[in-house]
Amino acid sequence: MSGPVADVAPAAASGLRRVRRNYTPYLLLLPGMAWLVVFFVVPMLSLGSQSLQTGTVDTGYVLTWHLQTYVDALSRFWPHFLRSIVFAGTATVLTLLLAYPLAYFMAQRSGRWKNFLLVLVIAPFFTSFLIRTLAWQTILTDNGPVAALARSTHVTDLLQWVHLTSNDSLMNSRFAVICGLTYNFLPFMILPLYANLERLDHSLVEAAGDLYATPIQTFWKVIWPLSLPGVVGGTLLTFIPAAGDFINSRLLGNTQTVMIGQVIDSEFLRVQDYSTAAALSFVLMLIIVVIVAVYVRRAGTEELV
Amino acid sequence: MTEETSGDLRLTGVTKTYDSFTAVDQLDLVIPRGSFFALLGPSGCGKTTTLRMVAGLDQPTIGQIWIGDRDITETKAYQRNVNTVFQSYALFPHLSILDNVAFGLRRRKVSDHKAKAMEALELVQLAHIAKKKPGQLSGGMQQRVALARAIVNRPDVLLLDEPLGALDLKLRRQMQIELKQIQSEVGLTFVHVTHDQEEAMTMADTIAVMNSGRLEQVGDPATLYEHPKSTFVANFLGQSNLLEATVTSRAGTTAELDVHGVNLRLPVDRLADGTSALWLGVRPEKLRLVGPTDGGGADDNRLTGVVTDASFTGLATNYLVRLPWGQELMVVQQNDGSLPAARGAQVTLGWAAEHGFALDADQDAHAGAQDQADDSGAT
Amino acid sequence: MRWIRAHLVGIAGLLVLGYLLLPNLVVIVFSFNKPNGNYNYEWQRFSTDAWTNPCGTPGICDSLGLSLRIGLIATLVSTILGTMVAFAVGRHRFRGRSSTNLLIFLPMATPEVVMGSSLLTLFIAMGIAPGSTTILIAHILFCLSFVVVTVKSRIASLDPRLEQAAADLFANPFQAFVRVTLPLVAPGIAAGGLLAFSLSFDDYIITNFNASPSSVTFPMFVWGAAQRGTPVQINVIGTVMFLAALVLVASGQLISNRRARTAA
């Protein structure tokens, strides 16, 4: 065999094989990311720029770096920001309290019914949420059974006492808005929690019991810490859209419950004060970005998507 | 698919480095056509990396791979006439068993792929489950399907990446025999990668022992076992007792050695020229407990010690005997009816001089030794 | 008493499930209502009028048609683009990977008001009049990220050794992709598409910002109706949607169950 011996010199010469640069990922990314850049990043910049412009719809807008817009907008609407955050925060906490037992039950205790329950949780998510929110009007309506029950058990009085409702009615109140918000975002909390709890090794719970932990201790010391990634995911998915929502407060609230989303909507489409509207949008975006950034810092970007 | 260029598999100077880590170091190996060849070594020794380079799934940093006179180093995996039985079987879950086995044939546009695939399934006795999906099969059945899927293409070289690792002991032994039979029936070159030395010795015609990316020794099982060239091979294949010795004389055919004051013998042809210090090796099964009246032949070696442990395993009794200088020797006494010695008993060990072997004194006496714990197959 | 304590989690869970499904039930029940006035809050009497005349309210079926058309196109485009991105991010290492992940995540974290309004400012600046096209563009945008996430998680669960096995069995990269990778990722792509369609069909806020009086989608119609008077037909369509969703999700589960059972 003359092969290998004669080839010793060329083998040394060919030496290390070069790794060819792989262009595939860039080509795959191109259309999708281009879309995101053009229709997400650029509009955000445009929004920022709009917030610093002055003018009107009729006379046109000029970029004047007019920061006063921000000051005015904030001083006029800071109660709405605060309210949105409080409502969204309350709804998020309530959603967590409600979603956790269901998610845990589905993940750990439901056995054969697991998929059936999953279907029941996901299916409402696919139906028009406007229609479902309207249904809350029907549920909480003054002449309906729910309101009657609440009145007779004095729940209405209790809610009125903490200023969540007024006029002996459940509808058109803070209570109704928070109810709606909680309801609308339940699946967003249930699913991440469920995904996390499904992977929870049940033998850990058994081990805790074996080591003298009561059910409550087992929950706090074992289950809760392990479910935190799901909790954080669900919290983000709930709080962020809730903060910007206005459909619930429009359909179920009153003039006292106006949230920042409604303000932005009306400033854009009715008042047509684009600069103020843009400034408000930007501040809302900023608040959200700060919250997400804190989360990213702790979890890394691979966990986001 | 018979091709004119089938021949021996040759690796010349094959090296694979990752950043600062060298997985395979200047490997030169010839694997004869039609043989059952084993690449044996502990995890991390580079055997799987070598296998992947032959399959084309990794590229060597330096070096070449040949089949016959064809240099296949640059050919892509899907163009090589080499097929692999993966450790995890890697059966396509969305295809039926028949479609799995026919996969390679269809890529190569073979006309009667269905018939050939059924033939291969019959070879592994699984023709009756052709319509099922991989998820419905047990581990042993999946393993045989993976084998059929590779064999049906009649490759120049068939690579097996620790295929029996996930099977339980009984099934593994059964598959070892089956694989050997199939190989001789079909006549393909099999290259089997494993860390189980007993498996390698059972199945392979030739074994290459690898350690840290290099070849320690290549040869047939008996030669490797009885005449190891390094402490690594001596300890990795089965177990060895290694005694520090110095040469006192080389008269005639027998060399005289001094081991901690005791005179022992070794055939002189085992010693390299000019050696003065060495490790004298003897396998545990070659040692026997001798009675006080057993004088033995002239070439018998004798050592006295105290039994520190005696384990009855059914087939044999494993002893640990402590010698006067503190070293413990492993002794395996076959269960032939002779009375066992108790712990604490004073015993004399004997073995024939020709059962000893010599290794370089500057080698590490513990190289290749595995824990007692994972010594499931070692006698 | 002890039974309650032992099953507390289950009881709580099922109550929550009830809370989740209550509005759907109300929608279904009230689709059989015949209200006295314009609004459909109170139960008057049973009637199947709305069911026999689903398109009775002017504009309702047109808006449905528009929503379906936009939904289908948006689903198609976002699924294709999103799947490509998912493969790029899920399969390859490249520079800028973590910034790409961040950029994919941001639209999901942006409140709809902000996204809708920012697109509006873009279209105004570019001089594009709002209408069906701008709605479509917006829908593709917010569906994209969700498709990426769904497909990416499916890709992550794929065993890379299967593609190596395909190459070992003479499949070139294209054949390996078409015959092995794609069939195994397909359920994820289908799930992503389904998600995209439902997001698109159901969107109000972003659509509202980018629409015109002539391009009324179904959610916009419902919103308008909520101000003027809620026709019962809305409940009919809501019920149909719910049942369709149940069937779809249930069959999806059955298919994946059968697949899981054969893989067990």
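Residues numbered from 1 in each chain as written. Chains lettered and ligands numbered in written order. Predicted model: local features only at pLDDT ≥ 70, side-chain atom pairs only at ≥ 80, totals over all residues.

K.L.:
Lay out the overall build of chain A with the relevant residues and their values.
P.N.:
Per the secondary structure count, chain A includes 14 helices and two strands. Counting contacts in chain A only where the partners sit at least 6 residues apart, residues at least 24 apart contribute 67% of the total. (Helix = DSSP H or I, 4+ residues; strand = E, 2+ residues; numbered from the N terminus. Contact = placed C-beta atoms within 7 Å.)

K.L.:
Quick rundown of the overall build of chain B? Include the residues and the values.
P.N.:
Per the secondary structure count, chain B includes eight helices and 20 strands. A principal-axis box enclosing the C-alpha atoms of chain B has dimensions of 75 × 45 × 35 Å. Residues counted as buried form 41% of the 379 residues belonging to chain B. Nonlocal contacts in chain B, meaning residues at least 24 apart in sequence, comprise 65% of its contacts between residues at least 6 apart. (Buried ≥ 20, exposed ≤ 12 C-beta atoms within 10 Å, placed from the backbone.)

K.L.:
Please give an account of the sheet that holds strand S6 (residues 82-85) of chain B that cites residues and values.
P.N.:
All names here are of chain B. Spatially, S6-S7-S8-S3-S9-S10 is the arrangement adopted by the six strands of the open sheet, whose pairing is mixed. Single-partner strands in this sheet number two, and they are S6 and strand S10 (214-219). Adjacent strand axes in the sheet meet at a mean angle of 20°, parallel and antiparallel pairs treated alike. Pairing of strand S3 (residues 36-40) with strand S8 (residues 189-194) involves five bridges; the strand directions are parallel. Note that in S8 the partner of Phe-37 across the bridge is Val-191. Along the sheet, helix H1 (residues 47-55) contacts S3, S6, strand S7 (157-161), S8 and strand S9 (206-211); its crossing angle with S7, the most-contacted strand, is approximately 145°. (Pairing = 2+ DSSP bridges. Axes fitted to C-alpha atoms, helices over the stretch in contact; angles between N-to-C directions.)

K.L.:
How would you sum up the nonpolar core? Please name residues and give values.
P.N.:
Ala-99, Ala-103, Ala-176, Ile-190 and Leu-280 of chain A together with Val-85 and Cys-143 of chain C are the most contacted members of the largest nonpolar core, which totals 147 residues. Sort the elements by how many residues they give to this core and helix H9 (residues 174-198) of chain A lands first, with 15 residues. Looking at which domains feed residues into this core, each of domain 1 (59-218) and domain 2 (231-264) of chain C supplies at least three. Once you skip the residues sitting within four places of it in the chain, Cys-143 of chain C turns out to touch Ala-74, Ser-78, Ala-196, Leu-199 and Ser-200 of chain C. Core analysis: the second largest hydrophobic core is formed by 105 residues, Ala-77, Ile-97 and Ala-146 of chain B together with Leu-169 of chain C among them. (Core = buried A, V, L, I, M, F, W, Y, C linked by C-beta atoms within 7 Å. Domains from an automatic or database assignment.)

K.L.:
Quick one: what's the story with unusual backbone geometry, residue by residue and with numbers?
P.N.:
All names here are of chain B. Despite not being glycine, Lys-109 shows a phi value in the positive range, around 60°. Topologically, Lys-109 is positioned in the loop between helix H2 (97-107) and helix H3 (113-123). Non-glycine residue Ser-212 carries a positive phi angle of around 50°.

K.L.:
Quick rundown of the pairing of strand S16 (residues 300-312) of chain B? Include the residues and the values.
P.N.:
Residue and element names in this part refer to chain B. Bridge count for S16 against strand S19 (residues 346-352) is seven bridges, and the pairing is antiparallel. Each bridged residue has a counterpart across the sheet, and for Gly-305 the counterpart in S19 is Val-347. Sheet topology places S16 next to strand S17 (residues 316-322); six bridges connect them, and they run antiparallel. Looking at S17, one finds that Phe-312 is bridged to Thr-317. Between the antiparallel neighbours S16 and S17 lie three residues, among them Gly-314 with a positive phi of about 100°.

K.L.:
Just give me the short version of the interface of chain A and chain C, but keep the residues and values in it.
P.N.:
Interface size, as often reported, equals the accessible area lost upon joining of the parts. Each partner contributes to the interface: chain A provides 74 residues, whereas chain C provides 73 residues. Broken down by element, the side of chain A that touches chain C gets its largest block of residues, 18 residues, from helix H3 (residues 24-51) of chain A. Split by residue class, the side of chain A that touches chain C holds 54 nonpolar, 16 polar and four charged. (Nonpolar A, V, L, I, M, F, W, Y, C, P; charged D, E, K, R; others polar.)

K.L.:
So what about the sheet that holds strand S11 (residues 241-249) of chain B? Which residues, and what values?
P.N.:
All names here are of chain B. Here we have five strands laid out as an open sheet, ordered S13-S12-S11-S14-S20, and antiparallel in their pairing. Strands at the two margins of the open sheet, each flanked by one partner only, are strand S13 (262-267) and strand S20 (356-360). Averaged over all pairs of adjacent strands, the angle between their axes in this sheet comes to 45°, without regard to strand direction. Sheet topology note: the strand S12 (residues 254-259)/S13 ladder contains six bridges and is antiparallel. Residue pairing for S13: Leu-257 is matched across the bridge by Leu-264.

K.L.:
So what's going on with the confidence of the model for chain A? Residues and values would help.
P.N.:
Taken residue by residue, chain A gives an average pLDDT of 81. The fraction at 70 or more is 90%. In this model, residues 1-16 of chain A is a region of pLDDT below 50 whose contacts with residues beyond four sequence positions or in other chains number twelve contacts. (pLDDT = per-residue confidence, 0-100.)

K.L.:
Please set out the confidence of the model for chain B residue by residue, giving values where relevant.
P.N.:
All names here are of chain B. Across chain B, the average pLDDT comes to 89, with 94% of residues at or above 70. Contacts from residues 1-5, a stretch scored under 50 in pLDDT, to residues over four places away or in other chains number nine contacts. Contacts of residues 372-379 to residues separated by more than four positions or lying in other chains number eight contacts, the stretch itself having pLDDT below 50. In the model output, the complex is listed with pTM 0.79 alongside ipTM 0.82.

K.L.:
Any details on the environment of Ser-43 of chain B? Residues and values, ideally.
P.N.:
For Ser-43 of chain B, the position within the fold is in the loop between S3 and H1. The class for Ser-43 of chain B is exposed, based on 8 C-beta atoms found within 10 Å.

K.L.:
Please set out the packing of helix H4 (residues 60-91) of chain C against helix H11 (residues 218-228) of chain C residue by residue, giving values where relevant.
P.N.:
Residue and element names in this part refer to chain C. As a packed pair, H4 and H11 sit with axes 7 Å apart at the nearest point and diverge in direction by 145°. On H11, the residues that touch Ile-60, Ser-63, Leu-64 and Ser-67 of H4 are Phe-218, Met-220 and Phe-221. Tallied by class, the residues present in the contact of H4 with H11 amount to five nonpolar, two polar and no charged.

K.L.:
How would you explain the packing of helix H6 (residues 129-140) of chain A against H11 of chain C if you had to name every residue and give the values?
P.N.:
The geometry of H6 of chain A relative to H11 of chain C is characterised by a closest axis approach of 9 Å and an angle of 25° between their N-to-C directions. Judged on the interaxial angle alone, H11 of chain C and H6 of chain A are roughly parallel. The residues of H11 of chain C that touch H6 of chain A, namely those facing Leu-130, Ile-131 and Leu-134 of chain A, are Pro-219, Val-222, Trp-223 and Ala-226 of chain C. Across the contact of H6 of chain A with H11 of chain C, the residue classes tally to seven nonpolar, no polar and no charged. (Parallel < 35°, antiparallel > 145°, perpendicular 65-115°, else oblique.)

K.L.:
Provide a residue-level description of helix H5 (residues 97-109) of chain C, including the pertinent values.
P.N.:
For H5 of chain C, built from 13 residues, the straight-helix expectation of 18 Å at 1.5 Å per residue is met to within 8% by its first-to-last C-alpha distance of 19 Å. Turning to H5 of chain C, its buried residues are Thr-100, Asn-101, Ile-104, Phe-105 and Leu-106 of chain C. Those residues of H5 of chain C hidden inside the fold are in contact with H3 of chain A together with H4 and helix H7 (132-156) of chain C. (Expected span 1.5 Å × (residues − 1).)

K.L.:
Residues and numbers for the pairing of S17 of chain B, please.
P.N.:
Looking at chain direction, S17 of chain B and strand S18 (residues 328-334) of chain B are connected through seven bridges and run antiparallel. Counterpart to Val-321 of chain B in the pairing with S18 of chain B is Leu-329 of chain B.

K.L.:
How would you sum up the environment of Arg-83 of chain A? Please name residues and give values.
P.N.:
Here Arg-83 of chain A shows up in helix H4 (residues 68-109). Along the chain, Arg-83 of chain A and Met-259 of chain A lie 176 residues apart, while their C-alpha atoms are 6.4 Å from each other.

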